[in-house]
Amino acid sequence: MNHKAGFVNIIGNPNVGKSTLMNAIVGERISIITSKAQTTRHRILGIVNGEDYQIVFSDTPGIIKPAYDLQSSMMDFVKNAFEDADVLLYMVEIGEKELKDEAFFNKIIHAKIPVLLLLNKIDKSNQEQLEEQVNLWQEKVPNAEIIPISALENFNVQTVFNRIIDVLPESAPFYPKDALTDKPERFFVNEIIREKILLNYDKEIPYAVEIETEEFKEDEDIIRIKAVIMVERDTQKGIIIGHKGSALKRVGIQAREDLEKFFGKKIHLETFVKVNKDWRNSAYQLRRFGYNQK
C-alpha cells in the first residue's frame, strides 16, 4: 500500500491561529475566525486529498478552564482530539509560555505520536525573540519538532504540510477522496451567522448565542434559508435585534454576503431571534446543538 492517511489534530490556547492555519492548508474557509476567544466551539474536520494521501485535519476549541457546561463540552472535543490523533499539531504564539491546562500539557509531552510544535505569528517578532522562544519550547516539549510559522502570512505553512506527509502512517483513506469536511451544509450556515454576531456584538452576547438553521431549500439558482438565533434572556434578544431591527439586519446582510461566496449561489436569508433560557447549562439543549455527545 503506497497510500498515507491519518488524523492531524490542531490544539492550543485560544486565539493562537488554529483556525487560520487549517483554512490556509485546506484551502477553504472551513473554520470561522474572529479576534474573540472561544470562536471555535466544535471540532471541525477539514480534509485534504492527494493522489497518494488523505490528511484529516481537526480544528479544536482553544483550551480553557470551563466555567459552564457548554465549555466543558468544548473541552471534551479537545480530549477526543488526543485519542484519535496520528499527528499532533501543538500551536503556540510568540510570547506565549504555557498551556492553560496542565493535564493537557502533560498529554502533549508524553504523546507517543509525532508532535509538531508550531510557533505562530513570527511576523510579529524579531530574530532574538524568536530564538528565545524556540529554546524555551525545546526545553518544555522535548518530544516535539519545532517549526516557526506565520499562518496569516502563509510563511512555512508548506513546510508544515510536507512534514505531516512525511510522518503520516500508511493507510487507506477514511473518507471519500472528494470530501472536504464531515460537517453538513447547515452547520456552515450556523457558523457564518455566529461569526457575524461575534464581530458585531460585545461582552457576553456572542457567548450566549447559538444558531439553528430550521430550513435549507436549494434550487438551481438560489438557496432559501431560515435560521433562528437563540439567546438566553429577553434583554439579549433586544440587543441582538437592535433599534427598529437595525442590528439584526446588519448581521443578516453580512451573513448573506459570506454565504453567497461559500455556496457560490444567490442566498435568501431570513433570521429570527428566540429566547432559549440557560441553554449553555442544559444537557438536553447541548446535545441538540451537537455539543454534549455523552
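See the structure above.
Report follows, based on the coordinates. (Residues numbered from 1 in each chain as written. Predicted model: local features only at pLDDT ≥ 70, side-chain atom pairs only at ≥ 80, totals over all residues. Heavy atoms only, no water.)

## Describing the sheet that holds strand S5 (residues 115–120)
Argument step 1. Spatial strand order, S2-S3-S1-S4-S5-S6: 6 strands in an open sheet with mixed pairing. Only two strands of the sheet have a single neighbouring strand rather than two, namely strand S2 (44–50) and strand S6 (144–148). Recorded for the sheet is a direction-independent mean angle of 25° between the axes of neighbouring strands.
Argument step 2. The sheet contact formed by strand S1 (residues 4–12) and strand S3 (residues 53–59) spans 7 bridges and is parallel. The residue of S3 that forms the bridge with Asn-9 is Ser-58. (Pairing = 2+ DSSP bridges. Helix = DSSP H or I, 4+ residues; strand = E, 2+ residues; numbered from the N terminus. Axes fitted to C-alpha atoms, helices over the stretch in contact; angles between N-to-C directions.)

## Observations regarding the sheet that holds strand S7 (residues 210–218)
Argument step 1. In spatial order, the strands read S7-S8-S9; together these 3 strands make up an open sheet with mixed pairing. The open sheet is flanked by S7 and strand S9 (266–275), the only strands paired with a single partner. Adjacent strand axes in the sheet meet at a mean angle of 15° when their direction is disregarded.
Argument step 2. In this structure, strand S8 (residues 222–231) lies alongside S9, joined through 10 bridges in parallel fashion. Residue pairing across strands places Met-230 opposite Lys-274, the latter belonging to S9.
Argument step 3. Helix-sheet contacts for helix H6 (residues 185–200) involve S7, S8 and S9, and the interaxial angle to S7 is about 130°. (Contact = heavy atoms within 4.5 Å.)

## Quick notes on the pattern of salt bridges
Any two side chains of opposite charge can pair, so long as their charged atoms come close to each other.
Argument step 1. Considering all chains together, one arrives at 13 salt bridges under this definition.
Argument step 2. Of the charged contacts in the structure, one is a salt bridge between Lys-274 and Glu-214, with a shortest N-O distance of 3.8 Å. Note that Lys-274 is positioned in strand S9 and Glu-214 in strand S7, a separation of 60 residues in sequence.
Argument step 3. A salt bridge links Glu-232 to Arg-280; its shortest N-O distance comes to 2.8 Å. (Salt bridge = Lys/Arg side-chain N within 4 Å of Asp/Glu carboxyl O.)

## Observations regarding the nonpolar core
Argument step 1. Leu-21, Ile-55, Phe-57, Leu-89, Leu-118 and Ile-164 are the most contacted members of the largest nonpolar core, which totals 29 residues.
Argument step 2. Counting only elements with at least two residues in this core, the list comes to S1, helix H1 (18–26), S2, S3, strand S4 (87–93), S5, helix H5 (157–167) and H6.
Argument step 3. Counting residues per element, this core draws most heavily on H5, which supplies 5 residues.
Argument step 4. Sequence-distant contacts of Phe-57, that is, excluding residues within four places in its chain, are made with Val-8, Ile-10, Met-22, Ile-25, Val-26, Ile-44, Leu-45, Gly-46, Val-48, Leu-89, Phe-161 and Ile-164.
Argument step 5. Counting 25 residues, the second-largest nonpolar core is a separate cluster that includes Ile-94, Leu-130, Ala-144 and Ile-146. (Core = buried A, V, L, I, M, F, W, Y, C linked by side-chain atoms within 4.5 Å. Buried < 20%, exposed > 50% of the residue type's maximum accessible area, 1.4 Å probe, protein only.)

## Examining the packing of H6 against helix H8 (residues 246–263)
Argument step 1. Running from amino to carboxyl end, H6 crosses H8 at an angle of 140°, the nearest separation of the two axes being 9 Å. With respect to H8, the axis of H6 lies oblique. Handedness of the H6/H8 crossing: right-handed. Residues Glu-185, Phe-188, Val-189, Ile-192, Ile-193, Glu-195, Lys-196, Ile-197 and Asn-200 of H6 form the contact with H8, whose own contacting residues are Arg-250, Val-251, Gln-254, Ala-255, Asp-258, Leu-259, Phe-262 and Phe-263.
Argument step 2. Per-class residue counts for the contact of H6 with H8 are 10 nonpolar, 2 polar and 5 charged. (Parallel < 35°, antiparallel > 145°, perpendicular 65-115°, else oblique. Left-handed = near helix turned anticlockwise from the far one by under 90°. Nonpolar A, V, L, I, M, F, W, Y, C, P; charged D, E, K, R; others polar.)

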